[in-house]
Amino acid sequence: MRAEAGYPPDAADRLLPEYDFVVVGGGSAGSAVAARLSEVAEWRVLLLEAGADPPLTADIPPLFHSLQESEIDWGYETEPQEAACLGMQGRRCYWPRGKALGGSGVLNAMLHVRGNPRDYDAWEAAGNPGWAYRHVRPYFIKAESFEMPQEPHPWGDYSASEHGAAGPLRLTQSAWRSPLCGGVLRAARQLGLRVGDAGGGRRPAGGLHAAARGRGGRRAPELRARLPCPAASRANLHVVRRAAASAVLVDPATLTATGVRFLLAGRNHTVRAAKEVVLSAGTVGSAQLLMVSGIGPRRHLESLGIPVVRDLPVGENLQDHMQLVAPTYLFNRSHPQERTASQRMDDVYEYFAHRTGPLASLDLLQVQGFIKTKYEDPQDDYPDVQYQHIRFPHKDFETVERVSRVTRFRPEVHEAVFGRPVSRSEIYVQLAVLQRPRSRGTIRLRSADPLVPPAIDPRYLTHPHDVAVLVEGAKFSARMAKTKALAKDFEVEMSREPVPGCEHLAWETDEHWACVVRTLATTIYHPVGTCKMGPASDPAAVVDARLRVHGVQRLRVVDASVMPTIVTANINAPVVMIGEKGADMIKQDWGAVAA
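Residues numbered from 1 in each chain as written. Predicted model: local features only at pLDDT ≥ 70, side-chain atom pairs only at ≥ 80, totals over all residues. Heavy atoms only, no water.

**Student:** I'd love a proper account of the overall build of the protein chain, names of residues and values included.
**Tutor:** Helix and strand counts for the protein chain stand at 15 helices and 26 strands. Taking 25 Å as the expected radius of gyration for a compact globule of 595 residues, we find that the protein chain reaches 23 Å, a close match to that expectation. C-alpha atoms of the protein chain, sized along the principal axes, occupy 70 × 50 × 50 Å. Looking at the 595 residues of the protein chain, the share that counts as buried comes to 63%. Pairs at least 24 residues apart make up 73% of the contacts formed inside the protein chain by residues separated by at least 6 positions. By element, 51% of the accessible surface of the protein chain is carried by carbon and sulfur atoms, the whole surface being about 21,500 Å². Taking the 70 positively charged and 66 negatively charged side chains of the protein chain as two groups, their mean positions are separated by 2 Å. (Helix = DSSP H or I, 4+ residues; strand = E, 2+ residues; numbered from the N terminus. Rg over C-alpha atoms; globule rule 2.2 N^0.38 Å. Buried < 20%, exposed > 50% of the residue type's maximum accessible area, 1.4 Å probe, protein only. Contact = heavy atoms within 4.5 Å. Areas by Shrake-Rupley, 256 points an atom, 1.4 Å probe, with all protein chains shown as cover. Lys, Arg positive; Asp, Glu negative; His and termini not counted. Charge placed at Lys NZ, Arg CZ, Asp CG, Glu CD.)

Now the structure itself:
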């Protein structure tokens with residue numbers, strides 16, 4: 001373990017036979033739960049994480065893509081898709097999932113966007129008391145330590161009252177940004193959209209700027225942010241790395257969770273939980289662990305010879321945001337900026353010497369946008385498409401090939417989307433992100449062996465509404481590129497490279513865009529919903545409103561998998577909120593004071 005990284009020490013050599021709470025998964029939710037429970041000095045808390053510490057490169061904002069396909073990535077792939085992922089190898093979309101302290105947040109950009117209040121109000125209306133926005137808002141604020149700009153921000157105003165100032169998660173805006181960032185927001189204004197703060201409050205249609213996790217040019221994975229140095233680690237919190245949970249132990253007579261079995265250093269270990277087992281292994285991991293432990297759909301478990309402990313719809317209700325990696329835009333065509341080897345070395349020096357410059361910034365990715373398509377009620381301010389942006393300097397073949405590889409584009413698709421355009425000019429892609437998909441998928445076991453990856457079938461774009469919304473997203477992007485702020489000031493022009501498989505369709509018709517959507521749209525790494533929260537009367541529910549597994553005592557799930565419906569935002573901030581609120585529920589239920 002790297003002591004200088006600020007992570008708590010490993011407790012593998014001093015494991016106790018029993019803890020009050022055993023938390024499985026050290027991601028954004030699990031780290032919050034473990035840290036908050038350990039605030040109660042008399043409670044002993046064990047956090048089991050299948051991975052280890054993130055590498056040093058995880059601290060550098062724009063390098064998060066380089067962590068995909070590494071040892072800290074579970075590296076899942078979907079089942080072949082019938083209606084989507086047509087441009088990917090084998091029609092499979094790649095699903096990076098974090099296998100390290102910090103979880104999937106380490107593999108993502110750590111953008112902090114709360115979602116729309118209506119998302120949470122709908123959770124409560126579906127039978128989950130205490131989950132309306134007025135109830136969850138304090139937990140967003142509790143987690144935040146927001147660095148307010150010293151001067152009025154050129155992209156819009158922040159609301160100090162809407163952000164926390166004393167939480168463990170340090171949030172800031174990148175100081176370095178390319179001129180194109182401002183150009184995109186000016187274009188939004190020219191189309192009549194509002195510009196403001198994406199981090200808190202309502203998510204109106206508009207061009208927004210999001211804060212990111214970290215400060216001083218460094219990203220801040222969850223557990224390190226909460227427990228800032230090994231010397232300050234709490235004695236009652238034990239963290240064990242490379243500990244892969246293999247089963248939740250349940251007393252069949254009382255249907256009570258009693259502990260966890262896990263694999264560490266090639267040996268099976270068992271640890272008891274005097275009070276509760278808390279699963280925070282994520283949308284894939286928590287569902288898989290419940291099912292291999294006998295908690296899941298009866299027919300599915302019986303088909304694999306797994307004794308059924310509790311018949312519940314685990315693995316159903318899978319939802320994900322899809323991003324359309326198109327259209328590609330060329331800009332600065334008459335004077336493309338190409339980063340030379342010398343300039344790249346200067347960037348490296350500036351970063352390590354001063355924590356400033358391009359390597360300290362997410363650049364265009366921190367510019368968010370939300371629009372409402374024609375499929376939403378015109379009287380409502382409830383956007384259904386989000387925009388994110390990525391840009392590449394002229395002839396930056398190394399970066400575009402890395403991004404293309406993790407999307408699993410076939411070679412000819414890569415050349416059309418990235419390869420040939422970046423050889424001509426600087427390029428950027430305005431990613432339309434479907435916010436409230438109607439398609440639903442599943443996670444199923446391939447084997448009773450917990451080490452065998454599960455079968456992930458998101459059934460992307462099987463509902464025609466999802467395709468129609470992304471078509472509108474592509475059309476809006478094309479309109480935005482024609483604004484003065486982009487077309488004139490930055491010489492933006494849509495690439496006319498035909499997308500393989502769509503060449504026969506008339507350019508920019510709805511039919512053409514629908515083909516592009518089915519060919520190029522992929523995950524933006526936000527899967528949720530496989531352990532749905534809902535009342536016992538809901539046949540699709542796995543946990544109740546206090547995140548307790550229906551019919552099994554002393555077992556909770558606290559992570560993205562409990563979301564009944566996906567939020568209108570990046571999911572990292574909502575997952576942290578779920579961890580914060582879940583920890584308070586546990587404290588309340590066991591008689592401790594909740595903040």
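Now that the structure has been shown, we can carry on.
**Student:** Describe the state of the cysteines, listing the residues and the values that go with them.
**Tutor:** Throughout the structure, instances matching the rule amount to two disulfides. A disulfide bridge connects C85 with C93, and the sulfur atoms are separated by 2.2 Å. Judged by the sign of its S-S torsion, about -105°, the cystine formed by C85 and C93 is left-handed. A disulfide bridge connects C502 with C515, and the sulfur atoms are separated by 2.1 Å. Taking the sign of the S-S torsion, about -85° here, the bridge from C502 to C515 comes out left-handed. (Disulfide = S-S within 2.5 Å.)

**Student:** Can you explain helix α9 (residues 341–354)? Please cite residues and give values.
**Tutor:** Helix length check: α9, at 14 residues, gives a terminal C-alpha distance of 20 Å against a target of 20 Å (1.5 Å per residue), a fit within 8%. Of the residues trailing α9, R355 is marked for its positive phi of about 55°. (Expected span 1.5 Å × (residues − 1).)

**Student:** So, the packing of helix α4 (residues 133–143) against helix α15 (residues 572–589): which residues are in play, and what are the values?
**Tutor:** For the pair α4 and α15, interaxial distance at closest approach is 9 Å and the crossing angle is 105°. Taken together, the axes of α4 and α15 are roughly perpendicular relative to one another. Side by side, α4 and α15 meet where V136, Y139, F140, K142 and A143 of the first sit next to A573, P574, V576, M577, E580, K581 and D584 of the second. (Axes fitted to C-alpha atoms, helices over the stretch in contact; angles between N-to-C directions. Parallel < 35°, antiparallel > 145°, perpendicular 65-115°, else oblique.)

**Student:** For the packing of aromatic side chains, give the residues involved together with the corresponding values.
**Tutor:** Aromatic ring pairs are described here by two measures, namely the spacing of the ring centres and the angle between the planes. For the structure shown, the criterion picks out twelve aromatic pairs. Their ring planes at 75° and their centres at 5.1 Å tell us that Y120 and W123 sit as a pair that is edge-to-face. Of the two residues, Y120 and W123 both sit in helix α3 (residues 117–125), three residues apart, roughly one turn of that helix. Given a relative accessible area of 1%, W123 falls into the buried group. (Phe/Tyr/Trp six-rings, centres within 6.5 Å; stacked < 30°, edge-to-face > 60°.)

**Student:** An account of the nonpolar core is needed here, citing residue identities and associated values.
**Tutor:** Counting 154 residues, the largest nonpolar core has W131, F418 and L555 as its most contacted members. Sorting elements by how many residues they give to this core places helix α12 (residues 464–481) first, with nine residues. (Core = buried A, V, L, I, M, F, W, Y, C linked by side-chain atoms within 4.5 Å.)

**Student:** Before we move on, can you summarise the packing of α3 against α4 with the specific residues and values?
**Tutor:** Here α3 crosses α4 at 125°, and the two axes come no closer than 8 Å. Here α4 runs oblique to α3, going by the angle between their axes. For the pair α3 and α4, contact is made by P117, Y120, D121 and E124 and by Y133, R134, H135, V136 and F140, respectively.

**Student:** Got a sec to walk through helix α14 (residues 510–520)? Specific residues and values, please.
**Tutor:** Along α14, the positions that sit buried rather than exposed are H512, W513, C515, V516, V517, T519 and L520. Buried residues belonging to α14 abut β17 (322–324), α11 (411–424), α12, β24 (493–494) and β25 (522–523).

**Student:** Can you tell me about the pattern of salt bridges, naming the residues and giving the values?
**Tutor:** Taken as a whole and assessed by the stated rule, the structure comprises 38 salt bridges. The partner of R114 in a salt bridge is E144, and the shortest N-O contact between them spans 3.1 Å. One end of the pair, R114, is in the loop between β5 (111–112) and α3; the other, E144, is in strand β6 (residues 144–146), and 30 residues separate them in sequence. Across this residue pair, the class does not change: R114 and E144 are buried. (Salt bridge = Lys/Arg side-chain N within 4 Å of Asp/Glu carboxyl O.)

**Student:** Kindly report on the pairing of strand β20 (residues 385–392), identifying the contributing residues and their values.
**Tutor:** With seven of eight residues buried, β20 is to be regarded as a mostly interior element. As paired strands, strand β19 (residues 367–371) and β20 are joined by three bridges and run antiparallel to one another. When the sheet's bridge partners are listed, F370 is paired in β20 with Q386. With eight bridges joining them, β20 and strand β21 (residues 426–434) adopt antiparallel strand pairing. When the sheet's bridge partners are listed, Q386 is paired in β21 with V433. (Pairing = 2+ DSSP bridges.)

**Student:** Describe the side chain of Q388, listing the residues and the values that go with them.
**Tutor:** For Q388, the position within the fold is in strand β20. Overall, Q388 belongs to the buried group, its relative accessible area being 5%. Among residues more than four places away in sequence, those in contact with Q388 are L111, L365, V367, Q368, V429, Q430, L431, I524 and N570.

**Student:** Can you tell me about the environment of P96, naming the residues and giving the values?
**Tutor:** Tracing the backbone through its elements, the reader meets P96 in the loop between β4 (94–95) and α2 (104–107). You can call P96 buried: its relative accessible area is 2%. Through-space distance from the C-alpha of P96 to that of E338 is 30 Å; in sequence the pair is 242 residues apart. With residues up to four places along the chain from it excluded, the contact list for P96 reads Q68, D73, L107 and Y525.

**Student:** Just give me the short version of the environment of E42, but keep the residues and values in it.
**Tutor:** Mapped onto the fold, E42 is located in the loop between α1 (28–37) and β2 (45–48). Residues E42 and G285, 243 residues apart in the sequence, show an inter-C-alpha distance of 29 Å.

**Student:** Account for unusual backbone geometry, naming residues and giving values.
**Tutor:** Going from A326 to P327, the amide bond is cis rather than trans, its omega being -5°. In this fold, P327 is placed in the loop between β17 and β18 (328–331). With phi around 65°, R408 is a residue other than glycine that occupies positive phi space. Mapping R408 onto the fold places it in the loop between α10 (397–407) and α11.

**Student:** Which residues make up the environment of R44, and what values do they have?
**Tutor:** On the secondary structure map, R44 appears in the loop between α1 and β2. Residue classification places R44 among the partly exposed positions, given a relative accessible area of 32%. Along the primary structure R44 and A273 are separated by 229 residues, whereas in three dimensions their C-alpha atoms are 9.6 Å apart. Aside from chain neighbours lying at most four places away, what touches R44 is L16, E18, Y19, D20, F21 and N236.

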